[in-house]
Amino acid sequence: MQRNVFTLERVLHFRKEAEKLRKLEFATAKQEYELAEDHLRREEEAIEELNLEFMTRQIEGISALELQLYADFFQKKNQDICQQRDEVVKLDRHMVEKKDDLIAAATDKKIMEELKKKKVKAHEKALADKEQGFLDEIALRNRGLE
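An account of the accompanying structure is given in this report. Computed from a predicted model, the values in this text were never measured in an experiment. (Residues numbered from 1 in each chain as written. Predicted model: local features only at pLDDT ≥ 70, side-chain atom pairs only at ≥ 80, totals over all residues. Heavy atoms only, no water.)

## Description of the overall build of the protein chain
What the protein chain contains, in helices and strands, is 2 helices and 0 strands. A globule of 146 residues ought to have a C-alpha radius of gyration of about 15 Å, yet the protein chain, at 34 Å, is considerably larger. With the principal axes as the frame, the protein chain shows a C-alpha extent of 120 × 20 × 20 Å. A buried classification covers 18% of the 146 residues belonging to the protein chain. In the protein chain, 83% of the contacts between residues at least 6 apart in sequence involve partners at least 24 apart. Within the structure as shown, the protein chain displays about 11,700 Å² of accessible surface, and the carbon and sulfur contribution to it stands at 55%. Averaging the coordinates of the 29 positive side-chain charges in the protein chain and doing the same for the 33 negative ones gives two points 11 Å apart. (Helix = DSSP H or I, 4+ residues; strand = E, 2+ residues; numbered from the N terminus. Rg over C-alpha atoms; globule rule 2.2 N^0.38 Å. Buried < 20%, exposed > 50% of the residue type's maximum accessible area, 1.4 Å probe, protein only. Contact = heavy atoms within 4.5 Å. Areas by Shrake-Rupley, 256 points an atom, 1.4 Å probe, with all protein chains shown as cover. Lys, Arg positive; Asp, Glu negative; His and termini not counted. Charge placed at Lys NZ, Arg CZ, Asp CG, Glu CD.)

Dropping the structure here:
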């Protein structure tokens, strides 16, 4: 029976699970970033459409009350866009942090996998050397009987 060659198997398993978790966290952060970026793009498109509407209304003639309403609405939309840009920047930083965490977890797992490969290879070499020594001993005994 072959006993467990790699004594750090639990550590490797833990690192694999940590990498899975980091992948999930990164995917979530990326999705949040993409949604926020999409929302910002729609807000910017909406203000462009509003600007075109406003210019058309100005050409047709607009009352002072409507002019004030447009100005207030433009101000509110610009504030919303600034807040959304800040949110996109914040989520971008968060996504980069999660990506860095994922890279670190993947590196840790890769190191453990390489260590496991080396341990298994060393164990197999030791077994092969032991077996060769045994076969050599048998061959010597058989020569001594002849």
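## A closer look at the packing of aromatic side chains
Going through the model one piece at a time under the given rule, you end up with 3 aromatic pairs. A ring pair is formed by F54 and Y70, whose centres lie 5.0 Å apart and whose planes are at 50°; its orientation type is tilted. Here the residue F54 occupies a position in helix α1 (residues 9-60), and Y70 occupies one in helix α2 (residues 64-145), the gap between them amounting to 16 residues. An identical accessibility class is assigned to F54 and Y70; each is buried. Ring-pair connections join several aromatic residues into one group, and the members of that group are F54, Y70 and F74. (Phe/Tyr/Trp six-rings, centres within 6.5 Å; stacked < 30°, edge-to-face > 60°.)

## Regarding the side chain of K98
The residue K98 is located in helix α2 in this model. Setting aside its immediate chain neighbours within four residues, K98 contacts E25, F26 and A29.

## Side note on the pattern of salt bridges
For the structure shown, the criterion picks out 17 salt bridges. E43 is paired through a salt bridge with K77; the nearest N and O atoms lie 2.9 Å apart. With E43 in helix α1 and K77 in helix α2, this residue pair connects regions lying 34 residues apart in the sequence. Across the pair K90 and E87 runs a salt bridge, and its minimum N-O distance is 3.6 Å. (Salt bridge = Lys/Arg side-chain N within 4 Å of Asp/Glu carboxyl O.)

## Focus: a nonpolar patch on the surface
Taken together, the side chains of L8, V11 and L115 define a hydrophobic patch exposed on the protein surface, amounting to about 190 Å² of accessible area. Locating L8 in the fold gives a position in the segment before α1. Overall, the relative accessible area of 34% leaves L8 in the partly exposed class. (Patch = residues over 30% accessible without salt bridge, like charges linked within 9 Å, V, L, I, M, F, W, Y side chains within 5 Å.)

## What to know about the side chain of K109
Looking at the secondary structure, you find K109 in helix α2. Ignoring any residue separated from it by four or fewer positions in sequence, one finds K109 in contact with L12, R15, K16 and E19.

## Describing the nonpolar core
Within soluble globular proteins, side chains that are nonpolar generally end up buried alongside one another. Counting 15 residues, the largest nonpolar core has Y33, Y70, F74, V88 and M95 as its most contacted members. Counting only elements with at least two residues in this core, the list comes to α1 and α2. V88 has contacts with Y33, A36, E37 and L40, leaving out every residue within four places of it along the chain. (Core = buried A, V, L, I, M, F, W, Y, C linked by side-chain atoms within 4.5 Å.)

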